[in-house]
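Survey of secondary and tertiary structure
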Amino acid sequence: MKNIKTYLEDVGTEEALVKIFESLTEAVKKISVAVRTANTGKVGTMNSYGEEQVALDVFSNNIMIEELKKNSMVGLIASEELPDEEKIGDGEFALAFDPLDGSSLVDVNFSVGTIVGVYKTKSFIGVKGDDQLAAMAAVYGPRTTIFITVKKGVARFMLNEEGEFMLEKDNIEIGEGKYFAPGNLRACADRPAYLELVNYWIKEKYTLRYSGGMVPDINHILSKGSGIFAYPGHKDELDGKLRLLFECAPMSLIMEQAGGASSDGKIRILEKILLKLEQRTPIFIGSKEEVARCKDTLK
Ligand code: AHM
Ligand code: MG
């Protein structure tokens, strides 16, 4: 049985990137303990999006920064919970992350996740998702699992009793299938085309799998091997809610590496250039034919 390190070495990952994943998995282990045990209250501060931070957002962000500061390969970081990008070391790697996506779901005991995109850059402004060298999505559910890509396919690992992430499945492949996760259904009120799309999925007897957490929702697609997650914009929020750098770009790299697709309705998410850290984007991600259906119906 392989752990993350042996998997990464076997697919020919450069040593420095293996070390980056050592820090990331340490952080994920600590966040998984915090998610299980820490207080879920609000801390009274806002992030850059005007969303009130819960104690766990701040705590998870601090865990990520602490672990990454110990790693001499890391130079720059950007976090959904920080106002600006920050130079924390002299390494050449730059990491963008959402330390705890879906944190408002912890108090109801739903699954949440950590999302990371790995680059080599001096600033995130001007990068595109295609520039990522690797990406990771950790899910804190009944089990703690991690999807990893170093652009050599996608593998899934599970945290075992000994505190080690062991390979569950590699060469993950996305085909076609009838699961749908229709985010931001509020958009149906002013976008008849989105209502039409959702009605199509209902009439064609797709199975609904929507939790309100992007990571577990996309994790479902990656784990079952098919499906669609949609989060369109609407009148008041043309670009929707989800962030290009912290959420959509890393999840899109993982999805494309597994043979799926990801689009904002017009172009591939991974081709979108980051103009500001907090940039949002609509997203349609999952099985190729479903992403094409979203583009056709919503154009
Ligand atoms: P967060 O980063 O503040 O936790 O928000 C992101 C989450 C996603 O996981 C999820 O897809 C989306 O928000 C759901 O938002 P809403 O319920 O407002 O539609
Ligand atoms: Mg988030």
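Structure: see above.
Heads up: these notes are all about the structure in this document. (Residues numbered from 1 in each chain as written. Chains lettered and ligands numbered in written order. Predicted model: local features only at pLDDT ≥ 70, side-chain atom pairs only at ≥ 80, totals over all residues. Heavy atoms only, no water.)

A word on the layout of surface pockets
Using a probe with the size of a water molecule, rolled over the atoms, empty space left in the structure can be pinpointed. We apply this condition: Grid spacing is 1 Å over the protein atoms alone, the probe is 1.4 Å, and a cavity is where that probe fits but cannot get out, while a pocket is an open set with protein on both sides within 12 Å along at least five of seven lines and lining residues have an atom within 4 Å of a point. Grid points are joined across faces, edges and corners, and a volume is the space filled by probe spheres set on the points. Only DSSP runs of H or I with at least four residues qualify as helices, and only runs of E with at least two residues qualify as strands; both kinds are numbered from the N terminus onward. As used throughout, domain bounds are those supplied by an automatic or database domain assignment.
If you add up the space inside the largest pocket, you get close to 540 Å³. Asp101, Gly102, Ser103, Ser104 and Lys241 are the residues nearest the centre of the largest pocket, which is lined by 29 residues in total. Those elements that place two or more of their residues in the lining of the largest pocket are β2 (52–54), β5 (93–101), α5 (214–224) and β13 (228–231). Looking at the lining of the largest pocket element by element, the count peaks at three residues for β5. Each of domain 1 (4–169) and domain 2 (179–298) accounts for three or more of the residues forming the lining of the largest pocket. Taken together, 17 residues make up the lining of the second largest pocket; nearest its centre are Ser32, Arg36, Gly141, Pro142 and Thr144.

Regarding the packing of α5 against helix α6 (residues 244–257)
We apply this condition: For helices, the fitted line uses only the C-alpha atoms of the stretch in contact; every axis is such a line through C-alpha atoms, and the angle between N-to-C directions lies from 0 to 180 degrees. To sort the angles, those under 35 degrees are grouped as roughly parallel, those over 145 as roughly antiparallel, those from 65 to 115 as roughly perpendicular, and the leftovers as oblique. Should any heavy atoms of two residues lie within 4.5 Å, those residues are considered in contact. Gly is placed with the polar residues, together with every amino acid not listed as nonpolar (Ala, Val, Leu, Ile, Met, Phe, Trp, Tyr, Cys and Pro) or charged (Asp, Glu, Lys and Arg).
Between α5 and α6, whose axes approach to 11 Å, the crossing angle comes to 10°. Between α5 and α6, the crossing angle belongs to the class labelled roughly parallel. In this structure, α5 uses Met214, Val215, Ile218, Ile221 and Leu222 to contact α6, whose residues at the interface are Glu247, Cys248, Met251, Ile254 and Met255. In the contact of α5 with α6, the residues fall into nine nonpolar, no polar and one charged.

A look at the sheet that holds strand β3 (residues 74–79)
Cut-off, in case you're wondering: Any two strands with at least two DSSP bridges between them are considered paired.
Taken in spatial order, the eight strands make up an open sheet running β4-β3-β5-β6-β7-β8-β9-β10, and their pairing is mixed. Only two strands of the sheet have a single neighbouring strand rather than two, namely β4 (86–87) and β10 (165–169). Two elements, strand β7 (residues 134–140) and strand β8 (residues 144–149), share six bridges in a ladder whose sense is antiparallel. Looking at β8, one finds that Val139 is bridged to Thr145. α5 contacts β5, β6 (112–119), β7, β8 and β9 (154–159) of the sheet and is inclined by roughly 105° relative to β7. Those strands touched by α6 are β3, β5, β6, β7, β8 and β9, and its axis lies near 80° from that of β6.

Points about the pattern of salt bridges
Cut-off, in case you're wondering: Salt-bridge detection follows one rule: a side-chain nitrogen of Lys or Arg within 4 Å of a carboxyl oxygen of Asp or Glu. Accessibility here uses a 1.4 Å probe with only protein chains present; expressed as a share of the type maximum, an area under 20% marks a residue as buried, one over 50% as exposed, and anything in between as partly exposed.
Enumeration over the complete set of coordinates arrives at 18 salt bridges. Among the salt bridges present, the one from Lys19 reaches Glu15, with a minimum N-O distance of 3.3 Å. Here the residue Lys19 and the residue Glu15 both occupy positions in helix α2 (residues 15–37), the gap between them amounting to four residues, near one helical turn. Glu15 gets classed as exposed once you look at its relative accessible area, which sits at 60%. Among the salt bridges present, the one from Glu67 reaches Lys30, with a minimum N-O distance of 2.6 Å. Highlighted residues: Glu67 in helix α3 (residues 55–69) and Lys30 in helix α2, separated in sequence by 37 residues. Sharing partners across several salt bridges, the network here consists of Asp130, Glu256, Arg268 and Glu271.

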